[in-house]
Amino acid sequence: MKKLLAVLLLLSFFSVNAFAEEDEGFWPRSYFAGVGFSGVATRGDIGKYTLNTKTEDGDKEQVHLPSVNLLVWPDFMLGVNIGQFSLYANYNYWYFTDDLGGFGDATVQEQIRVWRFGVEFIYNFFWPEFFQPGFGLGYAYTNIKADNSVYPVDESKDRTYSELSGSSLALIFDIRYFLTEHIVLVPTIKFYESWFGNLYTENSGANKLKHKQWQTFAVIELAILYQF
């Protein structure tokens, strides 16, 4: 499912871009690159439950996923404007320390790494004015790695890392405010509904989860774009 969505969105990007090349007079086009910073609040299944895996040798493991309730990440983006429409790809990458779930009242913290790749499509109202509210949809693929989060039932063996990955769909609300002809300030609110169905551990390899981990991400972002 996630691969199909990613392919469809990427094909949309290139087909719309090709169409714009055919009639740039009717579909005026510009490009942009930007960087933003986001505050993120999440709620859902991740970190609530301890997951069980088994190695090829039959050894059992318990996976303690991070809580990821609050975090921040930078946002790097490249895109194209075609008339009042904007289509762009964005990438997030961040390291932080967070609590692992499944330990009751105890607090166990480890290093967490999150990376995401997304594609977003925005309709800009009031284009081409300097003030353009926007509404759109997005798709993202997310990977969450947690160090020392896999506990072998055999306590004589070392703890290892886990990686949880999945997809999400988003509703996006933003405002483009043109400070100059080329510099654009963009505050944004995004709501991602995410489902994580793949878990990787060093000793058991890739695992398809029987029950997906659902998580909602609410993102508040401030970005600055250079448009050319």
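Placed above this text is the structure.
Residues numbered from 1 in each chain as written. Predicted model: local features only at pLDDT ≥ 70, side-chain atom pairs only at ≥ 80, totals over all residues. Heavy atoms only, no water.

Quick word on the overall build of the protein chain
From N to C terminus, the protein chain includes one helix and 10 strands. For the protein chain, the N- to C-terminal ordering of α and β elements is α-β-β-β-β-β-β-β-β-β-β. Classification of the 228 residues of the protein chain by burial places 46% in the buried group. As displayed, the protein chain has an accessible area near 12200 Å², and 61% of this comes from carbon and sulfur atoms. (Helix = DSSP H or I, 4+ residues; strand = E, 2+ residues; numbered from the N terminus. Buried < 20%, exposed > 50% of the residue type's maximum accessible area, 1.4 Å probe, protein only. Areas by Shrake-Rupley, 256 points an atom, 1.4 Å probe, with all protein chains shown as cover.)

Concerning unusual backbone geometry
Following Trp 127, the chain continues into Pro 128 via a peptide bond in cis, with omega recorded as 5°. Inspection of the secondary structure puts Pro 128 in the loop between strand E6 (109-124) and strand E7 (131-152). Of note in this structure, Phe 126 is not a glycine but carries a positive phi near 65°. Inspection of the secondary structure assignment puts Phe 126 in the loop between E6 and E7. One non-glycine residue, Asn 148, adopts positive backbone phi at about 50°. Here Asn 148 shows up in strand E7.

Some details on the packing of aromatic side chains
Applying the stated criterion to the full structure yields 16 aromatic pairs. Summarising the aromatic geometry, the rings of Tyr 123 and Phe 125 are spaced 4.9 Å apart at their centres and angled 80° between planes, so their arrangement reads as edge-to-face. Assessed through its relative accessible area of 39%, Phe 125 is described here as partly exposed. With a centroid separation of 5.4 Å and 50° between ring planes, the pair formed by Phe 135 and Phe 173 is classed as tilted. One end of the pair, Phe 135, is in strand E7; the other, Phe 173, is in strand E8 (residues 160-178), and 38 residues separate them in sequence. On the accessibility criterion, Phe 173 (38% relative accessible area) is partly exposed. Three or more aromatic residues joined by ring pairs make a cluster, and in this case those are Phe 85, Phe 121, Tyr 123 and Phe 125. In this structure, Lys 145 is placed above the aromatic ring of Tyr 161, and the distance from its NZ or CZ to the ring centre is 4.6 Å. (Phe/Tyr/Trp six-rings, centres within 6.5 Å; stacked < 30°, edge-to-face > 60°. Lys NZ or Arg CZ within 6 Å of the ring centre and 35° of its normal.)

Some thoughts on the environment of Val 68
Mapped onto the fold, Val 68 is located in the loop between strand E3 (60-64) and strand E4 (70-82). Note: C-alpha distance between Val 68 and Val 114 (46 residues apart in sequence) is 9.8 Å. Once residues lying within four places of it in the same chain are set aside, the contact partners of Val 68 are Thr 42, Ile 46, Phe 96, Asp 98 and Gln 215. (Contact = heavy atoms within 4.5 Å.)

Thoughts on the side chain of Asp 174
You can see Asp 174 is positioned in strand E8. For the buried Asp 174, which has no salt bridge, the nearest side chain bearing the opposite charge is Arg 176, at an N-O separation of 4.7 Å. If near-sequence neighbours (up to four positions away) are discounted, Asp 174 is found in contact with Ile 122, Gln 132, Pro 133, Gly 134, Val 186, Pro 187 and Thr 188. (Lys, Arg positive; Asp, Glu negative; His and termini not counted. Salt bridge = Lys/Arg side-chain N within 4 Å of Asp/Glu carboxyl O.)

Quick notes on the pattern of salt bridges
Across all of its chains, the model carries five salt bridges by this definition. Here Lys 157 makes a salt bridge to Asp 59, at a shortest N to O gap of 2.4 Å. Pair noted here: Lys 157 is in the loop between E7 and E8 and Asp 59 is in the loop between strand E2 (50-54) and E3, with a separation of 98 residues, a long-range link. When its relative accessible area of 39% is taken as the criterion, Lys 157 is described as partly exposed. Where Lys 190 meets Glu 120, a salt bridge forms, and the shortest distance between an N and an O atom there is 3.1 Å. Note that Lys 190 is positioned in strand E9 (residues 183-201) and Glu 120 in strand E6, a separation of 70 residues in sequence. For the pair shown, Lys 190 and Glu 120 are each scored as buried.

Looking at the environment of Asn 198
Take Asn 198: it is sitting in strand E9. Residue Asn 198 is classed as buried on the basis of its relative accessible area, which comes to 19%. Placed 11 residues apart in sequence, Asn 198 and Leu 209 show a C-alpha to C-alpha distance of 5.9 Å. There is a polar contact of 3.2 Å between the side chain of Asn 198 and the side chain of Lys 208. (Polar contact = N/O pair within 3.5 Å; in protein donor to acceptor, adjacent residues only side chain to side chain.)

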